[in-house]
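Results of the structural survey
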Amino acid sequence: MIKIVPIGLLEEDQEADQFYRGTIASYDRCAARYAAQNDSIDEVKDLLTFFDEQIPCTASLLDVGCGHGRDVEYLSSLGHMVYGIDRSEKLLRMACGRVPKSHFVEGDVRVLPFRDASFDGLWMNAVLHHLIPPHMPQSLTECRRVLKPSGLLFVSVHLDDSSGWQSKGADFVRYYARMSGAMLTGLLQDAGLTPIRMTSRSAESRWLHCFARPGTKR
Ligand SMILES: C[S@@+](CC[C@H](N)C(=O)[O-])C[C@H]1O[C@@H](n2cnc3c(N)ncnc32)[C@H](O)[C@@H]1O
């Protein structure tokens, strides 16, 4: 089941929302191709395994920016109760078809419609870099709020110092704000999250992978 949550943006955020509408429209247009090209769990299997080892056996989890539900499906298969949130209606429909017993919310990762301390773990793969930098603290603060004090956040982003719109053909037009490890660490610490493991990897893009736990704000 997909629940739709109104985003409730402040007036000054309306203009900035063009970044998200553009990126999300691109994901909607490319949904079938995106799902086909990213169907294999192999690329993130070691990260999912580490995540699973650090959380309770039957954990409550939220996939923040869940896309077509590949990771929701895998984590559910391990016995966890997994929710997903995303703004792409097309990808969410695929996720819902893939894991019908999970709960999906069509909403923005800057406003998580869940109670404080709801989740043992949050999985946020390849999403944060789609936000404009002034909105990243809001999203991470929301992650911190809905995470239990003993919870675990996984976040991955493109590692680089470039930002802007990237296009590959007419359908693929997405905004990326890539970042360094120091910038991601600072954003997490400002949101009250302490990195416990950070690694990087090169595939088609360079990636930064970080696990963090609630801590004190710096
Ligand atoms: C690269 S995909 C990653 C999807 C999934 N996490 C995965 O690993 O396959 C980025 C996802 O972020 C979603 N997204 C981007 N900006 C968002 C926002 N502001 N709120 C909610 N979802 C967003 C897109 O719709 C897309 O599903």
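Remember, predicted model here, so these are calculated numbers, not experimental data.

Quick word on the overall build of the protein
Scanning the protein from terminus to terminus reveals seven helices and ten strands. Projected onto its principal axes, the C-alpha coordinates of the protein cover approximately 45 × 40 × 35 Å. Looking at the protein as a whole, 51% of its 218 residues qualify as buried. Sequence-distant contacts, at least 24 apart, represent 68% of the contacts inside the protein between residues at least 6 apart.

Notes on the packing of helix 6 (residues 136-146) against helix 7 (residues 181-190)
The angle between the axes and the distance between the axes are what describe a pair of packed helices. Contact geometry of helix 6 with helix 7 gives a least axis separation of 9 Å together with a crossing angle of 55 degrees. Of the possible angle classes, the one that applies to helix 6 and helix 7 is oblique. Helix-helix and strand crossings are classified by hand; for helix 6 and helix 7 the assignment is right-handed. Residues M136, P137 and L140 of helix 6 pack against M183, L187 and L188 of helix 7. Residues of the contact of helix 6 with helix 7, tallied by class, amount to six nonpolar, no polar and no charged.

Concerning unusual backbone geometry
Of note, A117 is a non-glycine position whose phi angle comes to about 55 degrees, a positive value. With respect to the secondary-structure elements, A117 resides in the loop between strand 4 (103-106) and strand 5 (119-125). A positive phi angle, near 65 degrees, is found at A126, a position not held by glycine. You can see A126 is positioned in the loop between strand 5 and helix 6. Taking the relative accessible area as the measure of exposure, A126 reaches 19% and is therefore buried.

Some details on the nonpolar core
Core analysis: the largest hydrophobic core is formed by 36 residues, its most contacted members being L122, M124, L128, L153, L184 and L188. Of all the secondary structure elements, the ones that give two or more residues to this core are helix 1 (11-29), strand 2 (60-64), strand 5, helix 6, strand 6 (147-158), strand 8 (172-177), helix 7 and strand 10 (206-214). Every residue in contact with L153, bar those within four places of it in the chain, is listed here: L122, M124, L140, C143, L147, L188, L193, C210, F211 and A212. Membership of the second largest hydrophobic core comes to 23 residues, among which are L61, V82, A95 and W123.

Considering helix 4 (residues 70-77)
In terms of residue burial, helix 4 counts as a mostly covered element, since six of its eight residues are buried. Among the residues making up helix 4, those that are buried are R70, D71, V72, Y74, L75 and S76. Along its buried surface, helix 4 packs onto helix 3 (45-54), strand 2, strand 3 (81-86), helix 5 (89-98), strand 4 and strand 5.

Quick look at the pattern of salt bridges
All chains considered together, the criterion is met by 15 salt bridges. R21 is paired through a salt bridge with D17; the nearest N and O atoms lie 3.3 Å apart. Placement of the pair is R21 and D17 together in helix 1, with a separation of four residues, close to one helical turn. D171 is the partner of R29 in a salt bridge, and the nearest nitrogen-oxygen pair spans 3.6 Å. Here the residue R29 occupies a position in helix 1, and D171 occupies one in the loop between strand 7 (163-168) and strand 8, the gap between them amounting to 142 residues. Connected through shared salt-bridge partners, D17, R21, R87, D108 and R110 make up one network.

The rules we used
Residues numbered from 1 in each chain as written. Predicted model: local features only at pLDDT ≥ 70, side-chain atom pairs only at ≥ 80, totals over all residues. Heavy atoms only, no water. Helix = DSSP H or I, 4+ residues; strand = E, 2+ residues; numbered from the N terminus. Buried < 20%, exposed > 50% of the residue type's maximum accessible area, 1.4 Å probe, protein only. Contact = heavy atoms within 4.5 Å. Axes fitted to C-alpha atoms, helices over the stretch in contact; angles between N-to-C directions. Parallel < 35°, antiparallel > 145°, perpendicular 65-115°, else oblique. Left-handed = near helix turned anticlockwise from the far one by under 90°. Nonpolar A, V, L, I, M, F, W, Y, C, P; charged D, E, K, R; others polar. Core = buried A, V, L, I, M, F, W, Y, C linked by side-chain atoms within 4.5 Å. Salt bridge = Lys/Arg side-chain N within 4 Å of Asp/Glu carboxyl O.

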